[in-house]
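# Topology and contacts: notes
Next come the chains, spelled out residue by residue.
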Amino acid sequence: MNIVVLPGDGIGPEVADVAVACLMAVAKARGLDLAFDHHDFGGIAIDRHGDPLPPATLAACKGADAILMGAVGGPKWDDAPRRPEQGLLALRSELGLFANLRPARIIPGLEHLSPLKPEIATGADVLVVRELIGGLYFGEKSLSDDDASDLCAYSRPEIERIAHIAFAAARARRGKLTSVDKANVLATSKLWRRVVTELSAQYPDVALDHLYVDAAAMAIVTSPTRFDVILTENLFGDILSDELSVIGGSIGLLGSSSSGAPGTPALFEPIHGSAPDIAGQNRANPGGMIASAALMLGHLGHGDEAALLTDALDATLLHGTRTSDLGGYSSCSDFGTAVLAELADALADRDRPSTQAAA
Ligand code: NAD
Ligand code: IPM
Ligand code: MN
């Protein structure tokens, strides 16, 4: 398996290094053949090649089995003619990565890390299914000194394909889908609600409801456990997933997958940005990047290894190793070392004779 790694900017390379080390350990222990191929992307690619998504990086991504991305952007490039973020949008669009899945949950036993009261946060486990290559992000844009506009457009096929993903995800989870829109105001949302409602006839086992995005933003913090899967458009999904992420204690814990047509490479990245305020200080939480690596293993058909990595991440946090965003004192790299130790422990447990009953 050829994995293209795009460390990017700010804390991106710090968390990517940790995730690659974890993947190498899992691969070595379980005999997986993973090869890592690092490429410039984002601000660093602007500095080195004058382009946030150089042709060689795009070609490597297109030929990869999967892509692992850290984060891009930072104040240094905020006024660049093509910002690092535009490289990310171009990559998502070029690869047709329309389905962005962002799982957010509170790890049982870590309810005290949530800014919400434990009685509200306990049991929260939500999957955001975000449409990733349409809507306001990709509509026609204009900007002059006095006027600006961003067109928001969605077509029926664009809504249908992401809705199918969300219904199927709900079916595989707790059978509940909440579609979030602004159908009391926006034409795109009216079509969104109509198409999602029509498709629900194909999923009689999934309970569908609709919420306006403003009410959804409120419900996420007042009653997060009312949600199972949230389906929403690009911009709303961006905002609501950051909001949901802090229920577990920090945005630094959330990973994501972005995929397109079957058989094409998918991309795995934490939902956070390059965190310029802590970049270069070895303080970042690599949890979201490790969670993304686990999602990648699952996507590549290695579900067992994905669970191994997720369990090691959870155990690290539960045993008290935490970065400063979670009130702890661990560095980013020390956190990675602790995850590797949990992995080694779990693998040793598996190999102990008493656990080899099947053999
Ligand atoms: P951000 O997510 O980078 O940071 C927001 C806050 O969360 C900061 O206080 C930061 O320190 C903290 N934080 C984020 N990730 C963390 C982690 N892993 N561990 C500990 N703390 C963490 O958002 P921002 O500051 O609005 O954006 C910074 C830059 O990143 C901008 O250029 C933005 O466009 C870009 N960005 C990129 C991506 C991406 O590459 N996918 C995502 C979001 C933002
Ligand atoms: C994210 C980021 C990106 C987005 C930016 C950097 C373009 O915020 O992945 O959530 O808005 O999609
Ligand atoms: Mn975002």
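First, a word on what this report is: a plain description of the structure on this page. Predicted model only: the values in this text are computed from it and were never measured.

### Topic: the site of ligand 2
Around ligand 2, the neighbouring residues are Glu85, Leu89, Arg92, Arg102, Arg130, Tyr137, Asp238 and Ile271. Contact between ligand 2 and Arg92: an oxygen atom at 2.7 Å from a side-chain N or O atom of the residue. Side-chain polar atom of Arg130 to an oxygen atom of ligand 2: 2.8 Å apart, as the coordinates give it. Burial of ligand 2 by the protein chains amounts to 80% of its free accessible area of 320 Å². If one sorts the elements of the shell around ligand 2 by residue count, helix H4 (residues 84-94) sits on top with three residues. Of the residues contributing to the shell around ligand 2, the split by class is three nonpolar, no polar and five charged. Each of domain 1 (1-97 + 270-359) and domain 2 (99-259) gives at least three residues to the shell around ligand 2.

### A closer look at the nonpolar core
Ranked by size, the top nonpolar core spans 46 residues in total, and within it Leu23, Leu68 and Leu309 carry the most contacts. Listing elements by their share of this core, those giving two or more residues are strand E1 (2-8), helix H1 (12-30), strand E3 (66-71), strand E12 (266-270), helix H10 (287-299), helix H11 (303-318) and helix H12 (332-351). At nine residues, H1 tops the list of elements feeding residues into this core. Of the residues that make up this core, three or more belong to each of domain 1 (1-97 + 270-359) and domain 2 (99-259).

Procedures and definitions
Residues numbered from 1 in each chain as written. Chains lettered and ligands numbered in written order. Predicted model: local features only at pLDDT ≥ 70, side-chain atom pairs only at ≥ 80, totals over all residues. Heavy atoms only, no water. Near = heavy atom within 4 Å. Polar contact = N/O pair within 3.5 Å; in protein donor to acceptor, adjacent residues only side chain to side chain. Areas by Shrake-Rupley, 256 points an atom, 1.4 Å probe, with all protein chains shown as cover. Helix = DSSP H or I, 4+ residues; strand = E, 2+ residues; numbered from the N terminus. Nonpolar A, V, L, I, M, F, W, Y, C, P; charged D, E, K, R; others polar. Domains from an automatic or database assignment. Core = buried A, V, L, I, M, F, W, Y, C linked by side-chain atoms within 4.5 Å. Buried < 20%, exposed > 50% of the residue type's maximum accessible area, 1.4 Å probe, protein only.

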